[in-house]
Each structure stands twice: as structure tokens, then as C-alpha cells.
Amino acid sequence: MAYEHILVEIEAPIATVTLNRPKVLNALSPDLIREVNVALGELDADETVRAVVLTGGPKVFAAGADISDMADRTAVDQLRRDQTGRWAGIAAFAKPLVAAVNGYALGGGCELALMCDLIIAGDTARLGQPEINLGIIPGAGGTQRWPRTVGKYVAMEVMLTGAPVTAERAYELGLVNKVVPAEMTVEIARRTARHLAEKPPLALRMAKEAVLKAFESPLSEGLAGERKSFYFLFSTEDQKEGMHAFLEKRKGVFKGR
Amino acid sequence: MAAEVERQVRVETEGAVGWIRLNRPEKMNAIGAITRRQLGDAIKQAERDESVRVVVLTGSGRAFCSGADVTEMAQGGDGGMRTPEDVGNVLRNEYMPMLIRLRTMPKPVIAAMNGPAVGIGASYALACDIRIATPEAYILEAFVNIGLAPDGGVSWLLPRLAGTGVAYEMFFSGKPLSATDAHRLGVINRLVAADKLEAEVRELAGHLAAQPRQAMAAAKRAVNHALESSYEEALEFESYLQEAQAASSEFAEGVQTFLSKRVKK
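Residues numbered from 1 in each chain as written. Chains lettered and ligands numbered in written order. Predicted model: local features only at pLDDT ≥ 70, side-chain atom pairs only at ≥ 80, totals over all residues.

**Let's talk about the confidence of the model for chain B**
Moving on, step 1. With 95% of its residues at a pLDDT of at least 70, chain B reaches an overall mean of 94.
Moving on, step 2. The ipTM assigned to the predicted complex is 0.81, against a pTM of 0.87. (pLDDT = per-residue confidence, 0-100.)

**Focus: unusual backbone geometry**
All names here are of chain A.
Moving on, step 1. Residue Pro13 follows Ala12 across a cis peptide bond; omega there is 10°.
Moving on, step 2. By the element assignment, Pro13 lies in the loop between β1 (6-11) and β2 (14-19).
Moving on, step 3. Positive phi is not limited to glycine here, since Lys249 has a value of about 55°.
Moving on, step 4. By the element assignment, Lys249 lies in the segment after α12 (237-247). (Helix = DSSP H or I, 4+ residues; strand = E, 2+ residues; numbered from the N terminus.)

**Focus: helix α6 (residues 142-150) of chain A**
One turn of the α-helix equals 3.6 residues, which is why residues spaced by three or four share an orientation.
All names here are of chain A.
Moving on, step 1. Along α6, the residues that are buried comprise Gly142, Arg145, Trp146 and Val150. Mapping the buried residues of α6 onto a view down its axis gives an arc of 100°, with all of them on the same face.
Moving on, step 2. Taken together, the buried residues of α6 touch α5 (108-114) and α7 (152-161). (Buried ≥ 20, exposed ≤ 12 C-beta atoms within 10 Å, placed from the backbone. Arc of directions from axis to C-beta. Contact = placed C-beta atoms within 7 Å.)

**Description of the sheet that holds strand β4 (residues 62-63) of chain A**
Moving on, step 1. With mixed pairing, four strands are arranged side by side in an open sheet as β4-β6-β8-β9 (chain A). Each of the sheet's edge strands pairs with one partner strand only, and the pair in question is β4 and β9 (165-166) of chain A. (Pairing = 2+ DSSP bridges.)

**Some words on the domain arrangement of chain B**
Moving on, step 1. Domain annotation for chain B reports domain 1 (9-209) and domain 2 (213-264).
Moving on, step 2. Each partner contributes to the interface: domain 1 of chain B provides eight residues, whereas domain 2 of chain B provides five residues. (Domains from an automatic or database assignment.)

**Some words on the pairing of strand β5 (residues 97-101) of chain A**
Within a regular strand, the side chains alternate between the two sheet faces.
Residues and elements named next belong to chain A.
Moving on, step 1. β5 sits mainly inside the fold: five of its five residues count as buried.
Moving on, step 2. A two-sided burial pattern is seen for β5, the buried positions comprising Leu97, Ala99 and Val101 on one face and Val98 and Ala100 on the other.
Moving on, step 3. In this structure, β5 lies alongside strand β7 (residues 118-122), joined through four bridges in parallel fashion. When the bridges of β7 are listed, Val98 appears paired with Leu118.

**Regarding the environment of Leu202 of chain A**
Residues and elements named next belong to chain A.
Moving on, step 1. Following the sequence through the fold, Leu202 ends up in helix α10 (residues 201-214).
Moving on, step 2. In this structure the C-alpha to C-alpha distance between Leu202 and Lys255, which are 53 residues apart in sequence, comes to 8.9 Å.
Moving on, step 3. In this structure Leu202 touches Leu233, Thr236, Asp238 and Gly256, once residues within four positions along its chain are discounted.

**Quick look at the nonpolar core**
Moving on, step 1. With 69 residues, the main nonpolar core has Val52, Val98, Ala105 and Ala113 of chain A as its most contacted residues.
Moving on, step 2. Of the residues forming this core, the biggest block, six residues, is contributed by helix α1 (residues 30-45) of chain A.
Moving on, step 3. Contact partners of Ala105 of chain A, with chain neighbours within four places excluded, come to Phe61, Ala62, Cys110, Ala113, Ala125 and Leu127 of chain A.
Moving on, step 4. Counting 64 residues, the second-largest nonpolar core is a separate cluster that includes Ala46, Cys65, Ala137 and Tyr138 of chain B. (Core = buried A, V, L, I, M, F, W, Y, C linked by C-beta atoms within 7 Å.)

**Topic: the interface of chain A and chain B**
The figure often quoted for interface size is the accessible area lost as the parts come together.
Moving on, step 1. Between chain A and chain B, the residue contacts involve seven residues of the former and eight residues of the latter.
Moving on, step 2. Here the residues of the side of chain A that touches chain B sort into four nonpolar, no polar and three charged. (Nonpolar A, V, L, I, M, F, W, Y, C, P; charged D, E, K, R; others polar.)

**Regarding helix α4 (residues 120-127) of chain B**
Moving on, step 1. Among the eight residues of α4 of chain B, eight are classified as buried, and the element is accordingly described as predominantly covered.
Moving on, step 2. Of the residues making up α4 of chain B, those classed as buried are Ile120, Gly121, Ala122, Ser123, Tyr124, Ala125, Leu126 and Ala127 of chain B.

**Description of the sheet that holds β1 of chain A**
Residues and elements named next belong to chain A.
Moving on, step 1. The six strands lie next to each other as β1-β2-β3-β5-β7-β10, forming an open sheet whose pairing is mixed. Here the strands that pair on one side only, and so sit at the sheet edges, are β1 and β10 (178-180). Between one strand axis and the next, the sheet turns through 20° on average, direction left out of account.
Moving on, step 2. Sheet analysis places β2 next to strand β3 (residues 51-55), joined by five bridges and oriented parallel. Each residue of the ladder has a partner; that of Ala15, found in β3, is Val52. (Axes fitted to C-alpha atoms, helices over the stretch in contact; angles between N-to-C directions.)

Given below as C-alpha cells:
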């Protein structure tokens, strides 16, 4: 499908989704979110794609939502178009999703990055939730994903003050995996994705599911789910390949079967 | 509206070198409210102006900078400094952005220390990338002498540049570190006689202005990153910067020039 607000480049086994509204610092309009959802749906179904990079390009990840579009809306307007609920498809993406964040990732932009599995940050990155300054709060997971990653007090600081954190602080907080020179961010995210694309896809999927489950359930449930996935993977060709390759001291080649 | 605001900071561009000169010689270039604003503007402009490839910070007259204008502060005449909280706010809102800008702008910043650098004046000199001074110059952390603590980033800079022992002695004693001692410690890069200082700085700045711009910016970025990271993190960050640099036209041209020189031999 043709997209208006994003670019989708498939270089199997990876794909790159680039938010592409540079004039408005990649503001997350409902149309853009819809396109990201559709694109990720297609990439999830595409067996040649094994990992995806999500980026806003070299200058900015996404500086929040379209405020001009929201300023005069009512609660009912917002509920009816369920702007934030539509992001569920992004969080549910089953393959590894690597965010490449340069410059501002604010509000919805930050929440979008936090839905990814790994975050590579350029040294120019600034992540934050400035919604408080507009008389609202984050609406796409910010109040829930921040404390699960950085703890209550830093999350409170970020939510209540609206001040963003630098790439270096985000790294210290464990909010991003790596800080790199901004001109290299997308490239390094792509390499990370290519590296992941060599790994067994079903195991990646189960590992991702299991880790995400840790945020949703009590330990006993999470452990039970983990065990089931662990046993399940012994029914896959990739497990046989992986273990035999290990014993034969060669690199495994995985098919996702 | 005042018809004309006194120019307490002069900005001159010579070729690709931007000279920022504190210009209150009668006050030993003390920094007051107007100076802060003008200096902030000058530093911001020097960072943004792409035609400026090297920045020099210096003073006019006998001093580099004698620090905050304490007389103005005491009289309550300094725009923002009436309460202790104002003092903190001026540091956070005015000095901090300027000093960070000096240390992070993607071009070399040279302090031409034509004379003493005292208090916040020392903070400016130490925030520059390179320091060249006359033997008559000195660095004085005078804060303790009026019952204040170090500010302007010297608690971070001075231990790194001179070691904690020297830094503590200066912070506790309120006595100056002479330019010759500072030179011996590596805090000052070169000592140059007063009448030759500007020529020497001009020559160095001119040389740097002709060096590959992006490669120098990358070096500054690497050092700033390394100062806040582990050895492993620094090595990895360098490797990515080097990839970006290896893909640049500067490197392509540099290699060509290098090879053509060898052929001529």
C-alpha cells in the first residue's frame, strides 16, 4: 500500500519504517498512527521480514501529537476517535521492533518509542512527556511504561514537570539501550535489527512475549507462561537446528519453523 | 528605552575566527547583568554562525575577567540578583546555558588569557577548550574570600584539569594559581608574553580554522562523551564517530592529499 505520512523500506530480512512529516516534526496525527499500524501489520505478515526499525529520521523522532488538531476537541470527540487506543497494534507487533531515536521524542512520540523492544538513541535525543503543560496527561501508555522501566520517582518527575531527559540520562536510567552519535543512529538500529534477524524467529517471538508478560502478570503466571513457551520451542525445527549447530560448532540457519 | 546600551562585550570576526572580547576594562571586565546578556548573545551567535570556525574569548585591558560584578550585586543594581534565590537563578538560567554552550559547540574555543581570570571569569577560561595566557595572568577561585562556594562549573572542571589537590587548595585558600604554575600543571596550554599574545592566538586560531571542521567537532564530541562514560563506552562511541568521519568528504580529501604528497617525494 502507498503511504502518505510514513516511508516503509524493506531490505529483507529487515524493514525500516520512517515517520515522515518533517515539516511538523513528525507530529503524530491519527492518519500517521493508522499508517504505522497498517505497515506493521503487513510487516508482521511478511515472512521475509524478521525485525523492524522504527525511526523519525536524522533530526527528530516525533515531537508529540498534532496540538492544533486537538485544541478544541471535546472528551466525546476524543473518545469516539479513540486516538490513543489505536496504538494497540504497535504494542502487539510480534517481531523485534528497534526504535532509532534522534532529537525530540516527546509526548506520543516518546510513548511510541517506549512501545518498541530496543531503543538506540542518538546523542541529540531528548525523551519526555510534556503533556502536563497543556492540561492533559500522556494517553498512550506513558504513565504506565515509564514507571515500569525507571521506577516511580523518576516517572513522577517526568510526568509532573514535563521536562525531558537527555540521551545520557535515559541511558543511565535504563530507558535506552545505547547512545550513539546522532548521524549513526538509524544505521546502528538497522545493524541491530539485522543481527536479530539472524536469530530463530519463533524463539524471538516467544522471548518478546514472555518479557512483555512480565509487565502484565504476577510472577507465578509469568513463570508458567515462560515454561510453556520453553517446552513449545522444542517442537520447532529451529530448536533442532540451533542445538545441532551449537554441537557442530557452526552457525545456525533458522527458518522460523 | 535607553537609546543605546553600552557595549560591554565586543564581537569581531576576522576571517573564520570569531573574537568575543569582554569590554569593561575600567572594571577589570567584571560581569554584570548587561554583560551576561551580551556575552550570552555573543556565544550563541558564535555557535550558530557557520562562517565562524574557531572562537576566541578574551578580555580588554589588564584583566581577562575579574568575575561577577560584586559592587553591582551589593547595590542591588544587578538586574536579577537581589535574593539568594536570585543568585542561584542567575547561575542556572544565565550562566549555565552559556558555559555548556562553550564546552559543547562543535568548534574549538580558545581562551586568550590576557590577564587574571577570577571567580566566574575563571569558570569561563576553564570551560574553553584551549587556554593561552600571558605570564602575568592567574586563576583565582576567590569565592571563599567573600564566603561563597565555587560556581560556574569549576567544581567539575578544575579537579579534572589540575587534580583534586590543587583544586581544593585553590577553593579553600582563595589564593591565586599563577599562570606559570597553571602552565606547569597543564591547565594552561602555552605562556606567551603580553605583547605577543594576540598574534600567537591569531596564528593558532587561523591554523585551526583551516583544519577539517567536522573532524574537530567529532573530537570535541568524543572528549565530552568520554568524560562521562567508561573506557568501553568511549571506545564504542569513538568507533561510531569514526565511521561517520570515514564516510565524510573531509576524509576522502585528506587521504587524497596525503597520497599526492607521498607521490611527490
